[in-house]
Amino acid sequence: MDFELSDEQRLLVQTARRFVQEQIVPLETKLDPDADSLDPEDHARLAAQVKAMGLYGLGIPEEYGGPAIDLVTEVLLAMELSQHRAGLYAPCYGVFGGTGLAQLYEATEDQKQRYLHPTLRGEKTAFFALTEPSGGSDPARAIRTTAVRDGDDWVINGGKIFISGADEADYGLVFARTDPTQGRGGITCFIVDTDAPGFYVRRVVHTLRSAHYATELQFENLRVPHKNVLGEVNKGFSIASDRVSRARIPYAAACLGPAIKAQQMCIDYVKVRKTFGDLLATRQAIQWMIVDNEIDVRTARFLVLEAAFKAQSGAPFATEAAMAKLVASEAAGRVVDRAIQIHGGSGVSKDLPLERWYRELRIRRIGEGASEIQRLVIARNVIGGSFH
Ligand SMILES: Cc1cc2nc3c(=O)[nH]c(=O)nc-3n(C[C@H](O)[C@H](O)[C@H](O)COP(=O)(O)OP(=O)(O)OC[C@H]3O[C@@H](n4cnc5c(N)ncnc54)[C@H](O)[C@@H]3O)c2cc1C
C-alpha cells in the first residue's frame, strides 16, 4: 500500500482546498449557523465552479457523468471538501451533485430514464426508506411494511421512520416485505412517487442537528406499478446492502474533514491565547489534548485510506470499511469535543463551527450503520461465523 500521492491527486487536493477556503468559508459569515440551504444564487455559482473544476458528481460513476477519479482520490477530496461549517451535510454538499442513491445504477433502462437521469440533471430529488419504528439495525427482521401484488400493481401498507428529506423529495426507494415467510429473502425494493395517493408524510422528526430533520412516513393502500420494482422481487435486501460497505468509506472520510480543521484551529488558538500570564500552548494538559487529537486524526486517516485502497484494488474490504467508519466517526467526535474544551466558551458558541460539528458527528455514530453494527461486522469477519 503506497500512501504517496500522485501529482494529479496532489493537484486535485490543492484545488479542492483552495475552493473551500476561497469560496465556501467566506459564505459562513453570512449563513445562519444552522442553515440547511444556500442562497440559490450562491448555490448556482458554486455548482458552476465545481463543474468547471471537473469535480461535479463526486461518487457518481464516470459512465453516468461523474468525474474520472478513483475511490482513493474521492476519499482525499472528501476530507478537504468537508472542512467548513456545513461540511457534513447541506448546504454545500448539493453543489457537488450526486443522487445519494447508488442503487439506481441497477435500475432498468425505463427506470433510469424516469428517475436516475432527471436526478443526475438536478431535476428530481429522492429519499431512501429502509428504517421502520421496529428498528433500523436489523431491517431483515424489522420490516413490517408489506406489499401485496394486485394485477399490474403492488399495494403497499405500513410506515417508515427517520427518513431523510422525504417531505421535499419527488420519489424514493421503499423496502417492503413481499414474502412474510422469509427474512432477508422476502423483501422487495419499490420506486415510489411522493404524489401517489396513499403516500403520507406523517411528521418531521427533529434531531439534535437542529437544521437537519428526518421524516416519518405512512403508506395506506399505496399502489405502485410493477414496472417500479427495483431489481428482482424478494431480492431487495441485497439492493439495500450491496453498496453499503463502499459508501461507508467516503462517509468516514467526510467525518475527518471537521476533525482535521478542528485540530488546526486548536493549534492556531493555543499559540495566541494566554491564561495566567502564559500561552495555552505551554500547558501540558492542553498539549496532551492536542496530542490525542493528532493520534485520533492520523489513525482514522490511515484506516480510511487503507479501506479505499483495498476497495479500489478489488480485494474484499467489508472489514476495512467497517473499521474506517467506526474509527473515523468516533475519533472525529472526540477531536471536536477536545477542540471545544480548548476553545472554552467560544467553543460552544455559534461564532465557531465546532458546536455544529459536535452535533453532526454525534449522528454519524448512528447513521450508515451504528458503531455497534460496525463492530458486529468486524467481529464476524475476524472471528468467523454468522452471529448477530
Ligand atoms: C438524522 C437521521 C437520519 C436518518 N436517515 C435515514 C434514511 O434516510 N433512511 C433510512 O432508512 N434510515 C435513516 N435513519 C435511520 C438510521 O439508519 C437508524 O437510526 C439506524 O440504523 C439505527 O436503527 P435504530 O434507530 O432503529 O436503532 P436500533 O436498531 O433499535 O438499535 C438501537 C441501539 O442498539 C444497537 N444494536 C443493535 N443491534 C445490536 C447488536 N446485535 N449488538 C449490539 N448492539 C446492537 C444499535 O447500534 C443502537 O445503538 C436516519 C437516522 C437519523 C438519526
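> Please set out the pairing of strand E4 (residues 171-177) residue by residue, giving values where relevant.
Most of E4 is tucked away, with seven of its seven residues classed as buried. A two-sided burial pattern is seen for E4, the buried positions comprising Tyr 171, Leu 173, Phe 175 and Arg 177 on one face and Gly 172, Val 174 and Ala 176 on the other. Direction of pairing for strand E1 (residues 126-129) relative to E4: parallel, over a ladder of four bridges. Within E4, the residue paired with Phe 128 across the bridge is Leu 173.

> Lay out the environment of Ala 166 in plain terms, naming residues and giving numbers.
Relative to the helices and strands, Ala 166 is located in the loop between strand E3 (153-164) and E4. Accessibility expressed as a relative area gives 2% for Ala 166, which makes it buried. In this structure Ala 166 touches Phe 127, Thr 194, Val 201, Thr 215 and Leu 217, once residues within four positions along its chain are discounted.

> So what's going on with the domain arrangement of the protein? Which residues, and what values?
Looking at the protein, the domain boundaries give domain 1 (7-98), domain 2 (126-237) and domain 3 (243-383). The centre of domain 2, based on its C-alpha atoms, is set 32 Å off from the matching centre of domain 3. Each side of the interface is counted separately: domain 2 has five residues, and domain 3 has six residues. Taken together, domain 2 and domain 3 are joined by zero salt bridges. For the interface between domain 2 and domain 3, the tally reads one residue pair in polar contact (both at pLDDT 80 or more). Class assignment of the residues belonging to the side of domain 2 that touches domain 3 gives a composition of one nonpolar, three polar and one charged.

> Explain the pattern of salt bridges residue by residue, including any values.
Pairing between side chains of opposite charge can happen when their charged atoms approach one another. For the coordinates displayed, the defined rule picks out 22 salt bridges. Residues Asp 153 and Arg 223 are paired through a salt bridge, measuring 3.0 Å at the closest nitrogen-oxygen approach. With a gap of 70 residues between them, Asp 153 in strand E3 and Arg 223 in strand E7 (residues 213-225) connect regions that are remote in the sequence. By relative accessible area, Asp 153 is classed as partly exposed at 21%. With its nearest N and O atoms 3.4 Å apart, the salt bridge here joins Lys 350 to Glu 355.

Thresholds, definitions, all that
Per chain, residue numbering runs from 1 following the sequence as it is written. Only residues with pLDDT of 70 or above have their local features reported here, since the model is predicted, and side-chain atom pairs are shown and tallied only from 80 upward, although totals for entire chains, interfaces and linings are computed over all residues. Think of the side-chain values as coming from all heavy atoms in the structure, minus any hydrogens and water. For the exposure calls, accessible area comes from a 1.4 Å probe over protein chains only, and a residue counts as buried if that area is under 20% of its type's maximum, exposed if over 50%, partly exposed in between. The helix and strand labels rest on DSSP assignments: H or I over at least four residues marks a helix, E over at least two residues marks a strand, and numbering proceeds from the N terminus. Any two strands are treated as partners once DSSP identifies two or more bridges connecting them. Note on contacts: a residue pair qualifies if any of its non-hydrogen atoms lie within 4.5 Å across the two residues. Where each domain begins and ends follows an automated or database-derived domain assignment. The term salt bridge refers to a side-chain nitrogen of Lys or Arg lying within 4 Å of a carboxyl oxygen of Asp or Glu. Polar contact is the term for a pair of N or O atoms within 3.5 Å; when the atoms are in protein, one must be able to donate a hydrogen and the other to accept it, and sequence-neighboring residues count only if both atoms are side-chain atoms. Classification used: nonpolar for Ala, Val, Leu, Ile, Met, Phe, Trp, Tyr, Cys and Pro, charged for Asp, Glu, Lys and Arg, polar for all others including Gly.

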